[in-house]
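# Summary of structural features
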Amino acid sequence: MRNLQTIGRIILSLVSFVQIKNSNMTKATEDSLYLINYEFPKNIQNVVIKPNLCYYWDFTTGQTTDPKFVAAIIDLARARISPNIHISIVESDASAMKCKYAFKILNYEKLANDCNVKLVNLSEDKNNIVEATAGGQSFRLKVPQTIQNADLKINVPKIKYTMEPIRLTCALKNIFGCNPYSQKFKYHSKLGETIVAINKVMKFDLNIIEGNIVSGIQPRKLGLVMASTDPVAIDTASSEMVGLNPKTIKYLQLAKKEGLGNTTFIPKGEPLEYFKFQYPKKNLQAKLMSKAYTIAVQTGLSKKLGLE
Amino acid sequence: MEKIRLGLIGLGYIGKIHFRHCQKLANAKLVAASDLSKKALKIANDAGVKQKYTNYEQLLRSSDIDAVIIALPTHLHTQCAKQAAEAKKHIFLEKPIARSITEAKEIISATRKNNIKLMVGYPLRFNPAFCKVKERIDEGTLGEIEIAHAAYISTGPFMHRAEAHTPLPVPEWWFNKKLTGGGTLIDLGSHLINLLRWYFGEIANIKSHLGYRFNLDFEDSATCIAKFEHGTLAVINVGWFSQGYHLKIDLHGSVRSLSANHSPSNPISTVIQTLTKGYSKFYEGHFIELQHFVNCLIKDRPPSPSGEDGLKDLEIIEQAYKNQIRLD
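Per chain, residue numbering runs from 1 following the sequence as it is written. Key to labels: chains lettered from A, ligands numbered from 1, both in the order written. A pLDDT threshold of at least 70 governs which residues receive local features in this predicted model, and a stricter bar of 80 or more applies before side-chain atom pairs are shown or counted, although totals over entire chains, interfaces and linings include all residues.

Let us look at the sheet that holds strand β7 (residues 145-153) of chain B. Residues and elements named next belong to chain B. The strand order across the open sheet formed by 6 strands is β8-β9-β10-β7-β11-β12, and the pairing between neighbours is mixed. Lying at the two open borders of the sheet, with one neighbouring strand each, are β8 (203-211) and β12 (257-262). Adjacent strand axes in the sheet meet at a mean angle of 10 degrees, parallel and antiparallel pairs treated alike. Pairing between strands is defined by DSSP: at least two bridges between them are needed. Helix and strand assignments come from DSSP, with helices taken as H or I runs of at least 4 residues and strands as E runs of at least 2, each series counted from the N terminus. By the bridge criterion, 8 bridges tie β7 to strand β11 (residues 246-253) in an arrangement that is antiparallel. Bridge pairing links Tyr152 to Leu247 in β11. Each of β8 and β9 (221-228) is contacted by helix α12 (residues 307-322), which is oriented at about 55 degrees to β8, the strand it contacts most. Only C-alpha atoms enter the line fits that serve as axes; for helices the fit covers just the stretch in contact. Angles between N-to-C directions range over 0 to 180 degrees. Contacts are defined on C-beta atoms placed from the backbone: any two residues whose C-beta positions lie within 7 Å are in contact.

This is the structure:
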């Protein structure tokens, strides 16, 4: 189910922007879904929620999804679908992060106990191999059974700057974390194509961005919730908000080309410009430092100087 | 005496820092390095270090080595230091000296028995900013220090590894209290306790409040209140919970107050300092402590901080773990 509008021949996806008021995340999430005309499917059993738990930095840094926000989505899903649905919160081990510690450190174990949901380390889940292509590259990807068996998949990413040439971490990049292979940095030479390929084999139904605290160049309380059924549209909107030109983010363009969504969108709710103004965007110094670090890594200077 | 011939055991995070500093030491030469990982040994190979071992016992058997720098995880200190002492190698041992008082005593006993010099690595004791504070205290220009605050807040083992070009996991041993001997109190607290003991003498009593923000079975923050025998009261705050780095002391004396801190330089200064001097200002204390160790070997003087110093720190830390106060 993709919530779309058409203007002439152009297909546009809906992306909502909602301000969290009085710390009420549930209300903000409800409003964000209402604005994109989203209705939870009925008669389903298995729901998967994928937060962003990239490392051991908790939600106060803006780099990982706030478990309280995930709890709000759980409450909403149970209220709208059925109190008896099975909910799994999924993440996989990464090059520098292990789920067994991240779930504990980031308060997801407590969330699982409080809300009676299951935590699944996808790196330990059974999986099936699926072949996919993206940007002319072929991939053999492991699709975890928990993902495969889900009736509804909800992506709950963060918006972050990341290394060149990817530049933006958001909805599409968060699904990269469903790849159970733990040595993820090995994909870095063709990261854009890998992200798109993984999204092709693991399509999520709904994307809800937790932007209560955003990382940017430094953390800031933005109190933002965004929602869309289109991961490309919500990433395009996010890139505009953080001051990146979506046309320069190659994997976004590739995702559109590969049919994952639209790079055009209709904003709903609060003005994008309001959040763009507030967002802690990269300044010139940060951009130069980022460039210098990339050069230092590429030339091997950073290793020589012990900066890595 | 000719140049001291050094062997470096362990090429992890701190081992690599010592490795770079060894290249710049006067009167010393790094002749051997060991690490379980052949990949880690590559930097030794690239720097022309002739003896490279994946087993430190082989390094200890080499007759070409006068002293070793032990930069291993804490649980490996005792066995390695005892074997080094038996092999008649002088020892520079990373802090904390060991996981427990028993282990620390074993290390000291082995070095005494074999007439070996032992130094425990506490770079704050050689950091120019904190050395100046010591001078001011000794001169009496601050008067009697009534209250001291010391804080060391950082990422601890959770440092920057995810953002590195080749991300590295936090080494598994950091998550195992049996291997570390504790959390941030033994890791960062040992630095501050050692520094304050250097300033004010022995601690008569200490109490602690431990924090568990990360829900792990070891503390990720600690606040200690310590009473020194000579009257100074110190509050010591340590933590692994922050992405930032904050290391600062504030002393309030009967004449005046004084603060000193240590913070990372910006990346450009770091690059320039590393290229010109071989080490950055941030690691100056680490370099000077190693030079001190080498100088002590050459002049046949006891290095400081000694093994006994490291043991005393552990005794205080153990006391702090025992004397916990609960505020909830």
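For the rest of this paragraph, the subject is unusual backbone geometry. Backbone phi values are negative for most residues with the exception of glycine, while trans is the configuration of most peptide bonds. Between Lys95 of chain B and the following residue, Pro96 of chain B, the backbone shows a cis peptide bond with an omega angle of -15 degrees. Mapped onto the elements of the fold, Pro96 of chain B is located in the loop between β5 (90-94) and α5 (101-113). Despite not being glycine, Arg167 of chain A has its phi angle at roughly 70 degrees, a positive value. Among the secondary structure elements, Arg167 of chain A is positioned in the loop between β9 (160-161) and β10 (168-169).

Each turn of an α-helix holds 3.6 residues, which means side chains three or four residues apart point in the same direction. Residue and element names in this part refer to chain B. How far a helix is expected to stretch is found by multiplying one less than its residue total by 1.5 Å. Helix length check: α5, at 13 residues, gives a terminal C-alpha distance of 18 Å against a target of 18 Å (1.5 Å per residue), a fit within 8%. Buried residues are those with 20 or more other C-beta atoms within 10 Å of their own C-beta, exposed residues have 12 or fewer, and partly exposed residues lie in between; C-beta atoms are placed from the backbone. The set of residues buried in α5 consists of Glu103, Ala104, Ile107, Ile108, Ala110 and Thr111. Seen from one end, α5 has its buried residues packed into an arc of 160 degrees, which puts them on one side. Exposed residues lying more than 90 degrees from the buried face of α5 are Thr102 and Lys113. The inward-facing, buried residues of α5 abut α4 (77-86), β5, β6 (118-121) and α12. Looking one or two residues beyond α5, the residue adopting positive phi is Asn115, at roughly 55 degrees. Along the arc lie the directions from the helix axis toward the C-beta atoms.

Now for helix α11 (residues 284-299) of chain B. Residues and elements named next belong to chain B. The first and last C-alpha atoms of α11 sit 22 Å apart over 16 residues, in line with the 22 Å expected at 1.5 Å per residue. Those residues of α11 that sit buried are Gly285, His286, Phe287, Glu289, Leu290, Phe293, Val294 and Leu297. Of the residues trailing α11, Asp300 is marked for its positive phi of about 55 degrees.

Interface size is commonly expressed as the accessible surface area that is lost when the partners come together. All names here are of chain B. Domain delimitation follows an automatic or database domain assignment. Split by domain assignment, chain B resolves into domain 1 (4-122) and domain 2 (124-279 + 306-322). On a C-alpha basis, the centroid separation for the pair domain 1 and domain 2 is 23 Å. The set of elements that each furnish at least two residues to the side of domain 1 that touches domain 2 consists of α1 (13-22), α5 and β6. A total of 6 residues in the side of domain 1 that touches domain 2 trace back to one element, the largest contributor, which is α5. Gly falls in the polar group here, along with every residue not listed as nonpolar (Ala, Val, Leu, Ile, Met, Phe, Trp, Tyr, Cys, Pro) or charged (Asp, Glu, Lys, Arg). Residue composition of the side of domain 1 that touches domain 2, by class: 12 nonpolar, 6 polar and 5 charged.

Another point: the nonpolar core. Counting residues in hydrophobic clusters, the biggest one holds 97 residues, and the most contacted among them are Ile49, Ile73, Ala102, Ile154, Ile198, Val225 and Met226 of chain A. Looking at this core element by element, the count peaks at 6 residues for helix α2 (residues 67-80) of chain A. Sequence-distant contacts of Ala102 of chain A, that is, excluding residues within four places in its chain, are made with Leu53, Tyr56, Glu91 and Met97 of chain A. Throughout this description, the term nonpolar core refers to a group of buried Ala, Val, Leu, Ile, Met, Phe, Trp, Tyr and Cys residues whose C-beta atoms join them within 7 Å. Membership of the second largest hydrophobic core comes to 85 residues, among which are Ile4, Leu185, Cys224 and Leu251 of chain B.

Let's shift gears to the packing of α2 of chain A against helix α4 (residues 108-115) of chain A. Residue and element names in this part refer to chain A. Where α2 contacts α4, the axes come no closer than 10 Å and their chain directions differ by 25 degrees. The angle between α2 and α4 places the two elements in the roughly parallel class. You can see that α2 and α4 cross each other, and the crossing is right-handed. Together, Pro67, Val70, Ala71 and Ile74 of α2 and Tyr108, Leu111 and Cys115 of α4 make up the contact between the two elements. Note on terminology: angles under 35 degrees are roughly parallel, angles over 145 are roughly antiparallel, angles of 65 to 115 are roughly perpendicular, and the others are oblique. Each crossing gets its hand from how the near helix is turned against the far one by less than a right angle, where anticlockwise is left-handed and clockwise is right-handed.

A separate point is the pairing of β9 of chain B. All names here are of chain B. Both β8 and β9 contribute to a ladder of 8 bridges, which runs antiparallel. Pairing of Asn205 across the sheet is with Lys227, part of β9. Note: β9 against strand β10 (residues 233-239), 7 bridges, orientation antiparallel. Along β10, the bridge assignment pairs Ser221 with Gly239. Linking two consecutive strands that pair antiparallel, namely β9 and β10, is a turn of 4 residues; a positive phi of about 110 degrees is found at Gly231 within it.

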